[in-house]
Amino acid sequence: MNAVTTAGLRKRYGRHEALAGVDLVVPRGSVYGLVGPNGAGKTTLLAVLAGLRRPTGGTVDLGCDRRRVAVLPDTPGFDPWLTGSEVVDLARALTAPEVPGRRVAEVLADAGLTGAAHRRVGGYSRGMLQRLGIAATVVGDPELLLLDEPCSALDPAGRREVLELIARLGGRATVVLSTHLLADVQEVCDRVGVLDDGRLLHQGSLDDLLVGRAAPAWVVRCRPPLEPVEAALSARPWVAAVRRTGAEELVVETSAPADAETDLVRVLADVGAHVLRVDRRSADLEDVFLELTR
Ligand SMILES: Nc1ncnc2c1ncn2[C@@H]1O[C@H](COP(=O)(O)OP(=O)(O)OP(=O)(O)O)[C@@H](O)[C@H]1O
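Note that the structure is a prediction, hence the values are computed from the model and not measured.

On to the pairing of strand β12 (residues 239-246). In this structure, β12 lies alongside strand β13 (residues 249-254), joined through six bridges in antiparallel fashion. Counted as the bridge partner of Arg244 is Leu250 from β13. Here β12 hands over to β13 after two residues, the two strands then running antiparallel side by side.

In structure tokens form, the structure reads like this:
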């Protein structure tokens, strides 16, 4: 059962088509990362899913009642004179009055805000505000959470806190988050959709995206000169390409990783290379993203 299914979703702003036929599938319980460059249509897609903007065409099928959907905009604004506890209690009273008041303290504790619960939010840091926003969206126990750029403008510590909070939400609710920070997706999402210019270029599990696309490669660091090393490697049948990526660094791409595993170090030894380091390059979402959106 899916939490969200869209078919041929379109959204036009005047003559500009921000969504050009999007078929989105978000399995229930997943943490789905919607990635794309600026202007790709991420905010528009989330707003259409949330029912805040009307699509020009296509359909949206939510696997739950619309009242069980919670939305967190990229820059949540709160009245600065309210305390964190009052903000969350207001959200509870407005969205889910049936939820008992004691839930407020629980979600604030989950968001790591117990100590600041009775401080005015005007004095909160951005990271705290973002976590407060998440607390205010989860207090009504939503089934689907739509988070627009939840980590933008956060420093590394704030980002870490928010990512950990999102990771804990996975399983309890379905989360769709938009971001252009690929590292965040790699960290917390199990599904990913790559949106560019209003089109979904790829969607699926993060593993499928990475394993299916990034060419296996080794990163070799050794002391100059690198030419003899490059020449010796290029002559091997298992080497697809050798690229110089720094004064002391080569990337060796292969279509036969098993051969590379047995032969790479031998080649380096035979040519007398002064080896500083050899690493298997891990599949990187950034490479795949650049390849897809090129
Ligand atoms: N209200 C609007 N009126 C006209 N054009 C709009 C409107 N909202 C968005 N657009 C345009 O639609 C396209 C998609 O915008 P959207 O904000 O959905 O992209 P995004 O992927 O969220 O971008 P960003 O990462 O920069 O926030 C952009 O070209 C934008 O200029």
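Turning our eyes to something else, we now look at the domain arrangement of the protein. You can read the domains of the protein as domain 1 (2-211) and domain 2 (215-282). Taking only C-alpha atoms, the centre of domain 1 and the centre of domain 2 are 43 Å apart.

Before going further, it helps to spend a moment on the site of the ligand. Within the structure, the ligand sits among 13 residues, and Gly39, Gly41, Lys42, Thr43 and Thr44 are positioned closest to it. The separation between an oxygen atom of the ligand and a polar side-chain atom of Lys42 is 2.8 Å. Protein contacts shield 60% of the accessible area of the ligand, which totals 630 Å² for the unbound molecule. Contributions of two or more residues to the shell around the ligand are made by β2 (16-22) and α1 (42-50). It is α1 that provides the largest number of residues to the shell around the ligand, a total of three residues. For the shell around the ligand, the per-class residue count stands at four nonpolar, six polar and three charged.

The rules we used
- Residues numbered from 1 in each chain as written.
- Predicted model: local features only at pLDDT ≥ 70, side-chain atom pairs only at ≥ 80, totals over all residues.
- Heavy atoms only, no water.
- Pairing = 2+ DSSP bridges.
- Helix = DSSP H or I, 4+ residues; strand = E, 2+ residues; numbered from the N terminus.
- Domains from an automatic or database assignment.
- Near = heavy atom within 4 Å.
- Polar contact = N/O pair within 3.5 Å; in protein donor to acceptor, adjacent residues only side chain to side chain.
- Areas by Shrake-Rupley, 256 points an atom, 1.4 Å probe, with all protein chains shown as cover.
- Nonpolar A, V, L, I, M, F, W, Y, C, P; charged D, E, K, R; others polar.

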